[in-house]
Amino acid sequence: MAEAAIVIGEGRKSFFMDKVKEILPEGGNLNLCYTCGTCAAGCPASGLEGMDPRLFLRMAAMGMDEEVTTTPWVWMCSMCQRCSYACPMNINIPQLVYYARQAWPRDKRPKGIIGSCDQALRTEGNSAMGASSEDFEFVVGDVLEEVRESQPGQENLTAPVNKHGAMYFLNQNSREPVTEPDEMVPLWKILNHVGADWTYGTLGWAAENYCMFAADDEAWERIVRNKVKAVEDLGCKYWLNTE
Amino acid sequence: MQDPCQLVRKTYGDPVAEDLRFVVKAVVGEENFIDMHPNKSNNYCCGGGGGFLQSGFPEARRAYGALKNKQIVDTGATYCIAPCHNCHSQIHDLSHHFGANYQVTHLWTLICLSMGMLGENEREYLGDDLREVGL
């Protein structure tokens with residue numbers, strides 16, 4: 001037996017999806033869905049909070065703005081783009097999720113994400129863990145010295161900081177210098193072994209950008225611009241981000 | 001090996017996934033590499049991205065990751081290489097949480113191990129079988 005149809009209140013109109021369609025190229029193809037379900041079938045978030053990508057899009061299309069802009073499911077979707085990649089109509093569901101995140105008042109968004117974003121904004125290195133550039137530079141130097149002294153064959157290992165004119169500017173996730181500094185070393189060795197001319201910087205050194213996950217456009221742009229400035233100030237040709 | 005969504009599907013596509021396999025096979029030996037399915041651009045996200053690790057929904061995050069954990073367990077491999085920071089944190093947690101006990105390593109660890117330049121303190125993510133190799 002089929003279940004009774006869900007009746008949507010009369011005169012209800014989608015404002016949220018219309019707004020998103022205006023922002024996206026080709027309107028994100030958001031009105032092209034023919035409900036095949038390929039998105040939901042390949043989405044690991046299907047079923048969480050009783051939601052899946054197809055359902056989310058249908059609800060947005062039906063103007064269920066209240067549900068779409070308040071479901072915590074948008075924080076359980078990693079915006080991995082598996083759905084839009086597999087979609088025969090190339091519908092940009094992840095971007096719809098992003099704007100649904102943005103519909104949340106900033107102070108209601110997940111504290112862990114907002115807190116990491118705010119920490120990054122407070123430090124010149126943009127570290128989401130709040131590590132200072134001074135500490136970062138100290139830890140790099142300290143670990144380097146120990147490796148050079150204790151590991152035969154690594155006497156000439158380098159880990160430059162603020163080296164002007166280096167070819168590559170390398171970002172470093174805060175987790176290593178803060179919690180497991182020895183994990184930075186293998187990457188240094190590889191770069192050294194292949195003769196790469198690289199450097200860390202004290203400005204914009206941290207690789208992570210939680211402001212993007214927070215859907216805070218102004219903040220994530222500020223962070224990206226600070227990192228670009230760091231690369232340009234040192235005159236580096238390439239920016240390497242290990243995220 | 002986990003194909004990171006950010007690197008593969010969202011940025012450089014299947015060619016970089018092929019490059020990753022070239023490196024991994026050169027490092028561990030072709031006969032020791034086994035792919036998950038689906039993979040490359042069709043790979044499932046592990047659930048570590050998009051801020052999920054910091055969003056305060058650990059149960060949902062692990063429910064999401066159950067599919068990834070099963071994919072890895074189904075290969076029978078004892079190591080999963082995670083060449084992305086978020087993937088590494090998430091899959092490491094999945095292995096522990098589901099009691100699957102495969103090791104989760106960064107790619108840089110295995111590159112240095114294969115080249116005989118992995119230091120004693122750089123082996124946190126290796127299992128007992130490889131921890132002493134080449135020291």
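Refer to the structure presented above.
Residues numbered from 1 in each chain as written. Chains lettered and ligands numbered in written order. Predicted model: local features only at pLDDT ≥ 70, side-chain atom pairs only at ≥ 80, totals over all residues. Heavy atoms only, no water.

A look at the overall build of chain A
Reasoning step 1: Check the secondary structure of chain A and you find twelve helices and three strands.
Reasoning step 2: Compactness check: chain A gives a C-alpha radius of gyration of 23 Å against a globular reference of 18 Å for 243 residues, more than 25% above the reference.
Reasoning step 3: Seen along its three principal axes, the alpha-carbon backbone of chain A occupies a region of about 75 × 30 × 30 Å.
Reasoning step 4: A total accessible area of about 11900 Å² is found for chain A, and carbon and sulfur atoms account for 52% of it. (Helix = DSSP H or I, 4+ residues; strand = E, 2+ residues; numbered from the N terminus. Rg over C-alpha atoms; globule rule 2.2 N^0.38 Å. Areas by Shrake-Rupley, 256 points an atom, 1.4 Å probe, with all protein chains shown as cover.)

Structural notes on unusual backbone geometry
Reasoning step 1: Residue P38 of chain B is bonded to the preceding H37 of chain B through a cis peptide linkage, with omega at -5°.
Reasoning step 2: The residue P38 of chain B is located in the loop between α2 (14-28) and α3 (58-75) in this model.
Reasoning step 3: Residue E49 of chain A is not a glycine yet carries a positive backbone phi of 55°.
Reasoning step 4: Positionally, E49 of chain A belongs in the loop between α2 (38-41) and α3 (53-61).
Reasoning step 5: When its relative accessible area of 47% is taken as the criterion, E49 of chain A is described as partly exposed. (Buried < 20%, exposed > 50% of the residue type's maximum accessible area, 1.4 Å probe, protein only.)

Quick word on helix α12 (residues 217-233) of chain A
Reasoning step 1: Counted at 1.5 Å a residue, the expected span for α12 of chain A with its 17 residues is 24 Å, and the 24 Å between its end C-alpha atoms agrees.
Reasoning step 2: Backbone geometry just after α12 of chain A places G235 of chain A at a positive phi near 70°. (Expected span 1.5 Å × (residues − 1).)

Observations regarding the sheet that holds strand β1 (residues 168-170) of chain A
All names here are of chain A.
Reasoning step 1: One open sheet accounts for three strands, arranged β2-β1-β3; its pairing is parallel. On the outer flanks of this sheet lie β2 (198-199) and β3 (238-240), each paired with one strand and no other.
Reasoning step 2: Bridge count for β1 against β3 is three bridges, and the pairing is parallel. What sits directly across from Y168, in β3, is Y238.
Reasoning step 3: Each of β1 and β3 is contacted by α12, which is oriented at about 130° to β3, the strand it contacts most. (Pairing = 2+ DSSP bridges. Contact = heavy atoms within 4.5 Å. Axes fitted to C-alpha atoms, helices over the stretch in contact; angles between N-to-C directions.)

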